[in-house]
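Structural description and commentary
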Number of protein chains: 2
Amino acid sequence: MDFELSIDPNEPVPIWKQIEEGVRRRIAAGGLHAGDAVPSVREAAVRLRVNPATVARAYRFLVDAGLLSVRRGEGTFVAKLGGDAAEMLRREELGRAARRYTGTAAELGVSIDEALEAVEDAWRRNVPADRKREGQAHG
Amino acid sequence: MDFELSIDPNEPVPIWKQIEEGVRRRIAAGGLHAGDAVPSVREAAVRLRVNPATVARAYRFLVDAGLLSVRRGEGTFVAKLGGDAAEMLRREELGRAARRYTGTAAELGVSIDEALEAVEDAWRRNVPADRKREGQAHG
DNA sequence: CATAGTGTATTAGATGAGCGATACACCTGG
DNA sequence: CCAGGTGTATCGCTCATCTAATACACTATG
């Protein structure tokens, strides 16, 4: 896989966490399927310009979460998840993001309608046409 | 004012930034109006259990952003913003949050409809009834 | 002027997370 | 066994953050 995760060392959130979330979301989005191999810690480290230990830490958390599976000496692979686990994971991630958003919206004292409108608006600007095709690949 | 900002030292984002965003959102939400005094750096430091220098840094950024105004020797006050500047600030904050959300949603490969549905769902759970009253205080 | 309240600036210190380097344990294939 | 691949564990170093103490300039009050 390309493993084109967007890593920003300037972000306050640690690099290993950015990697973790990136992989988690890719699995949730269906870009990584059960049994697929993820890059080795060293290879990923080279591509992302970070230390192998940093990648290893991200992988470790994903293994603990049951999303990745390690075959020692061979590599790291996407774990076999039960049935629609990927789908559930996707909903979970989406729900988490939605809660964060509504929390902020509530702090700002906006109405639900305004909050929804802002999402629609942001969607039109943020998501270029080529992204819209992917939306129907999962369901 | 109560200044009950939620500060979490465990968050990856620095404390001074949490304070800054808290005040910014409160102004955007209309909880702080032009001319209102914010707590002194020392008083806020006592309430939030942090160092005065930490509060001072947050205030400094808010002053640079034009949201707070300092009357040396007297205190720090919410700056007089032109007309509907608070409204614009609110939209800005909301837009920023919405973009972050849609960005995540796009990464997950969800459709716009699903993204909106997730917001509605999160809103019902997250925002208790007492918060809904505030929604019509603006606009 | 004296006092006490503001914000600001500076310095120094402590802490802890993040990260890099290295060595180790395991598997595959020769 | 050996060589090269894997993930894992450990040790320090670096650095941003936060804290603490202090001093300063300014303003209101008496």
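Worth saying up front: this structure is predicted, and the values here are computed from it rather than measured. (Residues numbered from 1 in each chain as written. Chains lettered and ligands numbered in written order. Predicted model: local features only at pLDDT ≥ 70, side-chain atom pairs only at ≥ 80, totals over all residues. Heavy atoms only, no water.)

Once that is clear, we can look at the packing of helix 5 (residues 112–126) of chain A against helix 5 (residues 112–126) of chain B. At a minimum axis distance of 10 Å, the contact between helix 5 of chain A and helix 5 of chain B shows a crossing angle of 155°. Here helix 5 of chain A is positioned roughly antiparallel relative to helix 5 of chain B, judged by the angle of their axes. Of the two elements, helix 5 of chain A crosses helix 5 of chain B, and the hand of that crossing is right-handed. Taking contact as the criterion, the partners of A:Ile112, A:Ala115, A:Leu116, A:Val119, A:Glu120 and A:Trp123 in helix 5 of chain A are, on helix 5 of chain B, B:Ile112, B:Ala115, B:Leu116, B:Val119, B:Glu120 and B:Trp123. Grouping the constituent residues of the contact of helix 5 of chain A with helix 5 of chain B by class yields 10 nonpolar, no polar and two charged. (Axes fitted to C-alpha atoms, helices over the stretch in contact; angles between N-to-C directions. Helix = DSSP H or I, 4+ residues; strand = E, 2+ residues; numbered from the N terminus. Parallel < 35°, antiparallel > 145°, perpendicular 65-115°, else oblique. Left-handed = near helix turned anticlockwise from the far one by under 90°. Contact = heavy atoms within 4.5 Å. Nonpolar A, V, L, I, M, F, W, Y, C, P; charged D, E, K, R; others polar.)

Residues and elements named next belong to chain A. Sheet topology places strand 2 (residues 68–71) next to strand 3 (residues 75–78); four bridges connect them, and they run antiparallel. Residue pairing in the sheet places Val70 in a bridge with Thr76 of strand 3. The antiparallel hairpin formed by strand 2 and strand 3 contains three residues in its connecting segment, where Gly73 sits at a positive phi of about 90°. (Pairing = 2+ DSSP bridges.)

Quick look at the interface of chain A and chain B now. By convention, interface size is frequently given as the accessible area that disappears when the constituent parts associate. Listed as interface residues are 40 residues of chain A and, on the opposing side, 40 residues of chain B. For the chain A and chain B pair, buried surface summed over both sides reaches about 3,900 Å², with 69% attributable to carbon and sulfur atoms. The largest contributions to the chain A side of the interface with chain B come from A:Leu94, A:Leu108 and A:Trp123, which together make up 19% of the buried area. For the interface between chain A and chain B, the tally reads six salt bridges. With its nearest N and O atoms 3.8 Å apart, the salt bridge here joins A:Glu114 to B:Arg91. At the surface where chain A touches chain B, the tally comes to four residue pairs in polar contact (both at pLDDT 80 or more). For the side of chain A that touches chain B, the elements supplying multiple residues, two or more each, are helix 1 (15–29), helix 4 (85–107) and helix 5 of chain A. In terms of residues, the side of chain A that touches chain B owes the most to one element, helix 4 of chain A, which gives 15 residues. Within the side of chain A that touches chain B, the residues separate by chemical class into 21 nonpolar, eight polar and 11 charged. (Buried area = accessible area lost by both parts, 1.4 Å probe. Salt bridge = Lys/Arg side-chain N within 4 Å of Asp/Glu carboxyl O. Polar contact = N/O pair within 3.5 Å; in protein donor to acceptor, adjacent residues only side chain to side chain.)

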